[in-house]
Amino acid sequence: MTTPQPGTRMPDIDITPTTLISTVETILQDPDIETRNARLRLLGRDWMLQARPPQQLTEAGLQAAARTSLAAADVITELLMGYSSAREEEQTREWDNHLIRLVLELDGLHRVISAANSTLDLEASLQAVVEIVAEVMNVEVCSIYLYEQAEHVLRLRATYGLNPAMINTLSFPPGTGITGQAAEIGRPIAVADVRKDSRFRTIPSLHEDEYLSILCVPILLFTAQRLQMTVERLQGVISIQTKGPREFTPEEIAYLEVVAGELAFSIANAQLFQQTDERLHQKIRELTTLQRVTAALAATLDPDSLLWMIAEQAVLLGRADRADIFQQVEGGAPRLVASWGPGSSSGIERFIEKVLRERRPIAVLNTYVDERFPELAELAYREGFHSIFCIPLRAGDEIRGALCLLTREARHFDYEQVQLLSTFADEAAIAMENARLYEAVRRSLTIKSTLLQEMHHRVRNNLQTISSLLQLQARRLNPGTPGRLALEESVSRIQAIAVVHNLLCREDIGVTTIQAIARQIVDNIRVGLVGEVPVHFEVTGVPVAVASREATTLALVMNELISNALHHGIAEQGGTIGIDAWREDATVLVQVRDDGPGIRRERHNKSQGLGLQIIETLVTKDLHGSFNFDRRDGWSRATLRFPASAPADE
């Protein structure tokens, strides 16, 4: 390092040992004492500034004083006073320069520490350090190489003065060149001229041919170990270079060692932060993947698709080469039900049995030499799988099977990975159990649906048989007689009930719509209207679903209302009968209307007719609703209201 030299004075005259005595004699001839003494002190100062020894000055004073009448002591005193004064001034200047140099070094060190600790971005902090060190130590080049233990190389991470394109690109093992030697021996190496050092290795891509001197200091981190021992750990090397030959002083070497010591802690902290940050991001990615996979598993109820999905996602989540799912079989060997990835896992059944028996995860780091499972060596040599990790699939207290991960590289599953895979396995087991239960319910529902449809089919056939018997009986009676009319009304009601069973035996279990019931009733009524007055039927409205119990009641009610409209509304002239159905919030409305002249009734609850009594009973008791008659806009309307219920609940 170079520092300014303020206050340095050059001698006023050039004095040699041969001219010293004559110069003193000339001064002693001056009659003025003050002037003579001042000149003697000035001569002593100049002699000191020329780095001459004081003994010669004393001898010259003695010889010159002997040739004059002046006292030698006075002459020598003045000469040495000037010499001493100049020497004190020189020492003061040297001390000032030393203090200035120390201040600059401390300021530079402070800047280095601030740059190293100002950010956890290692690249940015190292680049700031090399620029500051180059400025403080007055060198053309400063570089930092970091040691990468995994690859056992020193890699250029920051430089000032060399080719910046080689940052993160140039690497070499410790022991290569002067920089590598400093890393290998763990001590500073200073070379004044690299051309004369056999250890120097030029690297053309760095463009360092013009630099001659170099100082390399290893960056060592001292860590405390057991028994209060300290162990040094290589972090890298910091080096400085100059264009001309330069002998680096012990102070400069010590200063760069201090910088290296500060860098060691900063590098360790930054690397630790990066590792922690990488692990944190990896954990976030894993948890995000787990959440996504869990949602996908929960949305899949097909057992076969689910098993393949579990195997595929296990390979991705566990970073494995292959995943197998084994199902536990009562009284038999585990059965492979799904796999994902290349190769075959044949031969690990005994290993899987142990996992299922002990109900805990088991890992094999090296299948080639594991003495617990010697049969795995055959798998290792045949398929190349080096490590295996197997975890039981647990649904509650039940073990449903096992998930097995295989890797071709040696793989140690740490605690966090085991926890992640355990969570995944639990979610997978729950999804498998849900799929199994869904499949069982679906099969049961199919069976029940078939049985229910068969039941409705048989009930419909029985009702048709009863209806046919009543029709045969009615034909034996004279038309228009009370007995025949009663039998015909009974046949109509039975057929209305049969309509419902006819619909239920063909559609969804226990569910039909009001419009479908109305159309079936209309079709049956049309058959009995041949040759009579013309009647037009309309069935409108958005389909309103109803359960089987409500459907039977509605069939009877609509049959009675349509029959009432035929007999009393449009019996003479004919006309239109409309059946409308719709929902208003939680209420179902059904309306049967006709455009005939109608009959006047003050209140429908005064009616004593059997048909209206049936309607009143069914609507109020079974449907828990109400109905009313009115006439407006040329239409007679019978409106039925009852609370809607979910058909699936019936």
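Residues numbered from 1 in each chain as written. Predicted model: local features only at pLDDT ≥ 70, side-chain atom pairs only at ≥ 80, totals over all residues. Heavy atoms only, no water.

**Student:** Please clarify how the overall build of the protein chain should be interpreted in this entry.
**Tutor:** Helix and strand counts for the protein chain stand at 15 helices and 18 strands. When each of the 650 residues of the protein chain is scored for burial, the buried share is 42%. Counting only contacts in the protein chain whose residues sit at least 6 apart along the sequence, the fraction spanning at least 24 positions is 62%. For the protein chain, the exposed surface amounts to about 34700 Å²; the carbon and sulfur share of it is 53%. (Helix = DSSP H or I, 4+ residues; strand = E, 2+ residues; numbered from the N terminus. Buried < 20%, exposed > 50% of the residue type's maximum accessible area, 1.4 Å probe, protein only. Contact = heavy atoms within 4.5 Å. Areas by Shrake-Rupley, 256 points an atom, 1.4 Å probe, with all protein chains shown as cover.)

**Student:** It is not clear to me how the pairing of strand 7 (residues 322-327) should be interpreted in this structure. Could you clarify?
**Tutor:** The buried fraction of strand 7 is high, at five of six residues. As paired elements, strand 7 and strand 11 (residues 398-407) share six bridges and run antiparallel to each other. Within the sheet, the bridge partner assigned to Q327 lies in strand 11 and is G401. The pairing of strand 7 with strand 8 (residues 335-340) spans five bridges and is classified as antiparallel. Residue I325 lies in a different strand from strand 8, and its bridge partner there is A338. (Pairing = 2+ DSSP bridges.)

**Student:** Is there a simple way to explain the packing of helix 1 (residues 17-28) against helix 2 (residues 33-49) in this structure?
**Tutor:** Packing of helix 1 against helix 2 leaves a shortest axis separation of 9 Å and a crossing angle of 165 degrees. Taken together, helix 1 and helix 2 sit at an angle that is classed as roughly antiparallel. Pair helix 1 / helix 2 crosses with right-handed handedness. Across from P17, L20, T23, V24, T26, I27 and L28 in helix 1, the residues of helix 2 making contact are R36, R39, L40, L43 and W47. (Axes fitted to C-alpha atoms, helices over the stretch in contact; angles between N-to-C directions. Parallel < 35°, antiparallel > 145°, perpendicular 65-115°, else oblique. Left-handed = near helix turned anticlockwise from the far one by under 90°.)

**Student:** Would you take a moment to explain the sheet that holds strand 9 (residues 362-364) for this structure?
**Tutor:** On the basis of which strands lie adjacent, the open sheet formed by five strands has the order 8-7-11-10-9 and antiparallel pairing. Of all strands in the sheet, those bounded by a partner on one side alone are strand 8 and strand 9. For this sheet, the mean inter-axis angle between neighbouring strands, taken without regard to orientation, is 20 degrees.

**Student:** What am I meant to see in the sheet that holds strand 16 (residues 587-594) here?
**Tutor:** The strands making up a sheet associate through backbone hydrogen bonding, with each pair oriented either parallel or antiparallel. If you walk across this open sheet you meet the five strands as 13-15-16-18-17, and the pairing is mixed. At either end of the open sheet lies a strand with only one pairing partner, and these are strand 13 (535-540) and strand 17 (626-632). Averaged over all pairs of adjacent strands, the angle between their axes in this sheet comes to 15 degrees, without regard to strand direction. Sheet analysis places strand 13 next to strand 15 (residues 575-584), joined by six bridges and oriented parallel.

**Student:** I tried to follow helix 3 (residues 54-66) on my own but got confused; where do I start?
**Tutor:** Count 3.6 residues to each turn of an α-helix, and residues three or four apart come out pointing the same way. The end-to-end C-alpha distance of helix 3 is 19 Å, a good match for the 18 Å that 13 residues give at a rise of 1.5 Å each. Taken as a whole, helix 3 has its buried residues at L57, A60, G61, A64 and A65. Mapping the buried residues of helix 3 onto a view down its axis gives an arc of 125 degrees, with all of them on the same face. (Expected span 1.5 Å × (residues − 1). Arc of directions from axis to C-beta.)

**Student:** Before we go on, may I ask you to explain the packing of aromatic side chains in this structure?
**Tutor:** The geometry of two aromatic rings is summed up by the distance between their centres and the angle between their planes. In the structure shown here, the tally under the stated rule is five aromatic pairs. When the ring of F351 is compared with that of F373, the centres are 4.9 Å apart and the planes differ by 85 degrees; the resulting orientation is edge-to-face. Taken together, the positions of F351 in helix 9 (residues 349-358) and F373 in the loop between strand 9 and helix 10 (376-383) put the pair 22 residues apart, joining distant regions of the chain. We classify F373 as buried; its relative accessible area is 1%. With 4.9 Å between their ring centres and 80 degrees between their planes, Y368 and Y381 make a pair best called edge-to-face. In this pair, Y368 is assigned in the loop between strand 9 and helix 10 and Y381 in helix 10, connecting sequence segments 13 residues apart. The exposure class assigned to Y368 is partly exposed, which follows from its relative accessible area of 28%. For Y381, a relative accessible area of 64% puts it in the exposed group. Above the face of the W47 ring, R52 is positioned so that its terminal group lies 5.5 Å from the ring centre. Lying over the aromatic face of W635, R593 brings its terminal NZ or CZ to 4.7 Å of the ring centre. (Phe/Tyr/Trp six-rings, centres within 6.5 Å; stacked < 30°, edge-to-face > 60°. Lys NZ or Arg CZ within 6 Å of the ring centre and 35° of its normal.)

**Student:** Is there a simple way to explain the side chain of Q515 in this structure?
**Tutor:** The topology assignment puts Q515 in helix 13 (residues 514-527). Overall, Q515 belongs to the buried group, its relative accessible area being 2%. Separated by 2.9 Å, the side chain of Q515 and the backbone oxygen of V542 make a polar contact. Excluding anything up to four places from it in sequence, Q515 contacts V539, T540, G541, V542, P543, V544 and A581. (Polar contact = N/O pair within 3.5 Å; in protein donor to acceptor, adjacent residues only side chain to side chain.)

**Student:** Explain the pattern of salt bridges here, please?
**Tutor:** Pairs can form between side chains of opposite charge whenever their charged atoms are close. Taken as a whole and assessed by the stated rule, the structure comprises 23 salt bridges. The residue E78 makes a salt bridge to R41 at a minimum N-O spacing of 2.4 Å. Taken as a pair, E78 in helix 4 (residues 72-117) and R41 in helix 2 lie far apart in primary sequence, 37 residues in all. The exposure class of E78 is buried, given its relative accessible area of 13%. The exposure class assigned to R41 is partly exposed, which follows from its relative accessible area of 33%. Linking E358 and R360 is a salt bridge whose minimum nitrogen-to-oxygen distance equals 2.7 Å. Under the relative-accessibility criterion, E358 is labelled partly exposed at 30%. For R360, a relative accessible area of 39% translates into the label partly exposed. One connected set of salt bridges, linked through shared partners, spans E148, E151 and R155. (Salt bridge = Lys/Arg side-chain N within 4 Å of Asp/Glu carboxyl O.)

**Student:** Is there a simple way to think about unusual backbone geometry in this case?
**Tutor:** For residues that are not glycine, phi is negative in most cases, and the peptide bond is trans in most cases. Positive phi, close to 60 degrees, is recorded for A51, a residue that is not glycine. You can see A51 is positioned in the loop between helix 2 and helix 3. Residue classification places A51 among the exposed positions, given a relative accessible area of 67%. Its identity is not glycine, yet H152 carries a phi of approximately 55 degrees, on the positive side.

**Student:** Explain the environment of D30 here, please?
**Tutor:** Within the secondary structure layout, D30 lies in the loop between helix 1 and helix 2. Setting aside anything within four residues of it in sequence, one finds D30 in contact with T35, R36 and R39.

Remember that the coordinates give geometry; whether it matters functionally is a separate question.
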